[in-house]
Amino acid sequence: MCIRDRLKITNKQQFEKLFRTYYQDLASYAIRMLHDSKNAEEVAQSVFVDIWGKRDNIEFNDDIKTFLLRLTHQSSLDHIKLQKVIKQEEELVQVAETEARSEALLAEEELRVKISSLLMTMPKECRNVFVMNRIQNKNYQEIANELNISIKLVENQMGTALRSLRDGLKEETQSTLNVLKTFFWFSLGLNLMNVVIE
């Protein structure tokens, strides 16, 4: 038997009457399955939307309320399955982020140690200029004034320091550098990152 024939749904007004008659029963049934009123209402509404869209082709052998409750039951099960999938995906993302953060923190510390070691091998003048510029955030003019040297000399010392660091960091494993580059958007606060990535 066709639901349209049983209910004589030939226009929107008749369908709205069906909605008003059974909506609360369907929503209440869905609440018992989902334990969430908002999701239950969405399920009940989706059942009626589906019926309206398929009103010319739906067939059933039960009474109207039993038929609607069966649809609500299936829709609720589908919703539960979907929520489980979403939760599993969120958990996987959290695990991946935690692992990535741990790897990045380890790589960051390894790079800090490497850079500190390379800085200690530089001539004192180069090291002082580099620290003042890259760590203390002083511009070349401020450094020149403080050290009583020319800006040109500051530029030369910075160039020497950067080349020394780049040459020394070539021995760093590519995997460590890749981890840092990939995870850079987490803003881990590595002030010396520009030495490697710029």
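Above this text sits the structure in question.
These numbers were taken from a predicted model, which means no experiment stands behind them. (Residues numbered from 1 in each chain as written. Predicted model: local features only at pLDDT ≥ 70, side-chain atom pairs only at ≥ 80, totals over all residues. Heavy atoms only, no water.)

Examining the overall build of the protein chain
Logical step 1: Helix and strand counts for the protein chain stand at 9 helices and 0 strands.
Logical step 2: Put simply, the protein chain runs from its N terminus to its C terminus through helices and strands in the order α-α-α-α-α-α-α-α-α.
Logical step 3: Pairs at least 24 residues apart make up 70% of the contacts formed inside the protein chain by residues separated by at least 6 positions.
Logical step 4: Carbon and sulfur atoms form 51% of the exposed surface of the protein chain, whose accessible area is close to 12,900 Å². (Helix = DSSP H or I, 4+ residues; strand = E, 2+ residues; numbered from the N terminus. Contact = heavy atoms within 4.5 Å. Areas by Shrake-Rupley, 256 points an atom, 1.4 Å probe, with all protein chains shown as cover.)

Let's talk about helix H7 (residues 151-169)
Logical step 1: In this model H7 runs 27 Å from its N-terminal to its C-terminal C-alpha over 19 residues, within 8% of the 27 Å that 1.5 Å per residue would give.
Logical step 2: For H7, the complete set of buried residues consists of Val154, Gln157, Met158, Gly159, Ala161, Leu162, Leu165, Gly168 and Leu169. (Expected span 1.5 Å × (residues − 1). Buried < 20%, exposed > 50% of the residue type's maximum accessible area, 1.4 Å probe, protein only.)

As for the pattern of salt bridges
Logical step 1: Taken as a whole, this structure holds 2 salt bridges when the rule is applied.
Logical step 2: Note that Lys65 is salt-bridged to Asp25, the shortest N-O span being 3.7 Å. Here Asp25 lies in helix H2 (residues 12-34) and Lys65 lies in helix H4 (residues 64-121), a separation of 40 residues in the sequence.
Logical step 3: The exposure class of Lys65 is partly exposed, given its relative accessible area of 36%.
Logical step 4: The class for Asp25 is partly exposed, based on a relative accessible area of 31%.
Logical step 5: Taking the shortest distance from any N to any O, the salt bridge between Glu146 and Lys138 comes out at 2.6 Å.
Logical step 6: Owing to a relative accessible area of 22%, Lys138 belongs among the partly exposed residues under this scheme. (Salt bridge = Lys/Arg side-chain N within 4 Å of Asp/Glu carboxyl O.)

Digging into the nonpolar core
Logical step 1: Counting 17 residues, the largest nonpolar core has Ile115, Met122, Phe130 and Leu165 as its most contacted members.
Logical step 2: At the level of secondary structure, the elements contributing two or more residues to this core comprise H4, helix H5 (124-135), helix H6 (140-147) and H7.
Logical step 3: If one sorts the elements of this core by residue count, H7 sits on top with 6 residues. (Core = buried A, V, L, I, M, F, W, Y, C linked by side-chain atoms within 4.5 Å.)

Remarks on the packing of aromatic side chains
Logical step 1: Here the structure, examined in full by the defined rule, presents 4 aromatic pairs.
Logical step 2: Centre to centre, the rings of Phe15 and Phe48 are 6.2 Å apart; their planes meet at 80°, and the pair counts as edge-to-face. One end of the pair, Phe15, is in helix H2; the other, Phe48, is in helix H3 (residues 37-53), with 33 residues separating them in the sequence. Taken individually, Phe15 and Phe48 each receive the classification buried, so the pair is uniform in this respect. (Phe/Tyr/Trp six-rings, centres within 6.5 Å; stacked < 30°, edge-to-face > 60°.)

Notes on the packing of H4 against H7
Logical step 1: It is the contact of H4 with H7, at a shortest axis distance of 10 Å, that shows an interaxial angle of 130°. One element, H4, and the other, H7, form an angle in the oblique class. In this structure, H4 crosses over H7, and the sense of that crossing is right-handed. Between H4 and H7, the residues in contact are Leu111, Lys114, Ile115 and Leu118 and Leu165, Gly168 and Leu169, respectively.
Logical step 2: Considered class by class, the residues forming the contact of H4 with H7 number 5 nonpolar, 1 polar and 1 charged. (Axes fitted to C-alpha atoms, helices over the stretch in contact; angles between N-to-C directions. Parallel < 35°, antiparallel > 145°, perpendicular 65-115°, else oblique. Left-handed = near helix turned anticlockwise from the far one by under 90°. Nonpolar A, V, L, I, M, F, W, Y, C, P; charged D, E, K, R; others polar.)

Some remarks on unusual backbone geometry
Logical step 1: Although it is not a glycine, His35 adopts a positive phi angle of roughly 60°.
Logical step 2: For His35, the location among the structural elements is in the loop between H2 and H3.
Logical step 3: Looking at His35, the relative accessible area reads 69%, which means it is exposed.

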